[in-house]
Amino acid sequence: MTKTLLISGIAAILHVSTLVLPASAQDDLGARLSIELNQTESRDAGCTLSFLVQNGHPADVTRAVFETVLFDAAGQVERLTLFDFDTLPAGRPRVRQFVVPDAMCEDLGRVLINGAETCEAEGLPADACTRDLRLDSRVGIEVIG
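In this report, the structure presented in the accompanying data block is examined. Just so it is clear, the structure is predicted and the values come from calculations on it, not from any experiment. Counting starts from 1 at the beginning of each chain's written sequence and moves along it residue by residue. Only residues with pLDDT of 70 or above have their local features reported here, since the model is predicted, and side-chain atom pairs are shown and tallied only from 80 upward, although totals for entire chains, interfaces and linings are computed over all residues. Only hydrogens and water are set aside when side-chain values are computed; all heavy atoms of the structure are taken into account.

1. Considering the sheet that holds strand E7 (residues 134-137)
- The strand order E5-E2-E1-E7 describes an open sheet built from four strands, whose pairing is mixed. Looking along the sheet, the strands with just one partner apiece sit at the ends: strand E5 (94-101) and E7. Each neighbouring strand pair of the sheet contributes to a mean axis angle of 25 degrees, computed without reference to strand direction.
- Pairing between two strands is assigned when DSSP locates at least 2 bridges connecting them. Only DSSP runs of H or I reaching four residues or more are called helices, and only runs of E reaching two or more are called strands; each is numbered from the N terminus. The pairing of strand E2 (residues 46-55) with E5 spans eight bridges and is classified as antiparallel. In the strand pairing of E5, Thr48 is matched with Val99. Between N-to-C directions, angles cover 0 to 180 degrees, with each direction set by a line fitted to C-alpha atoms, over the stretch in contact for helices.

In structure tokens form, the structure reads like this:
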């Protein structure tokens, strides 16, 4: 009897805890994109930048290409490039990696998302990729826009 009550009590607590959990980060994002520089890795081929991207819009972004400026640690433009984030499904995080040839991650100081070269999203406004864009970094390289 006591064992049954204990199991029932645990099941009730687990059920209630699922009801009071905070909303997911995706729900808090709102109708915008979030781009986070999540990890960097220097390799022989160059610097690999790993981004975590979340689409808070109610519809998929079928193609997002951002004009991106990389600055060295001294603040000078190292290069201007395009990062093709491809398809960004609504409500689902995606990781995208880009190799910056002939660059060491330790030499980069800042990444500027300069604007959207391409933003294709049926049913979303033309500025869906850039309006209220949330930028963040988990590494020592600042991300601005």
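2. Some details on the sheet that holds strand E6 (residues 108-120)
- Spatial strand order, E4-E3-E6-E8: four strands in an open sheet with mixed pairing. Two strands close off the open sheet at either side, each with one partner strand: strand E4 (77-88) and strand E8 (142-144). Neighbour to neighbour, the strand axes of the sheet diverge by 25 degrees on average, direction disregarded.
- In terms of strand pairing, strand E3 (residues 61-72) meets E4 through nine bridges, oriented antiparallel. Residue pairing across strands places Phe66 opposite Phe83, the latter belonging to E4.

3. What about the state of the cysteines?
- Only a pair of cysteine sulfur atoms within 2.5 Å counts as a disulfide in this structure description. Inspection of every chain in the model, using the stated rule, returns two disulfides.
- Across a sulfur-sulfur distance of 2.0 Å, Cys47 and Cys105 are joined as a disulfide pair. Taking the torsion about the sulfur-sulfur bond, which here is approximately 105 degrees, the covalent link between Cys47 and Cys105 counts as right-handed. One end of the pair, Cys47, is in strand E2; the other, Cys105, is in the loop between E5 and E6, and 58 residues separate them in sequence. With respect to burial, Cys47 and Cys105 carry one shared label: buried. Exposure is judged per residue with a 1.4 Å probe applied to protein chains only, and the accessible area is read against the type maximum: over 50% gives exposed, under 20% gives buried, and values in between give partly exposed.

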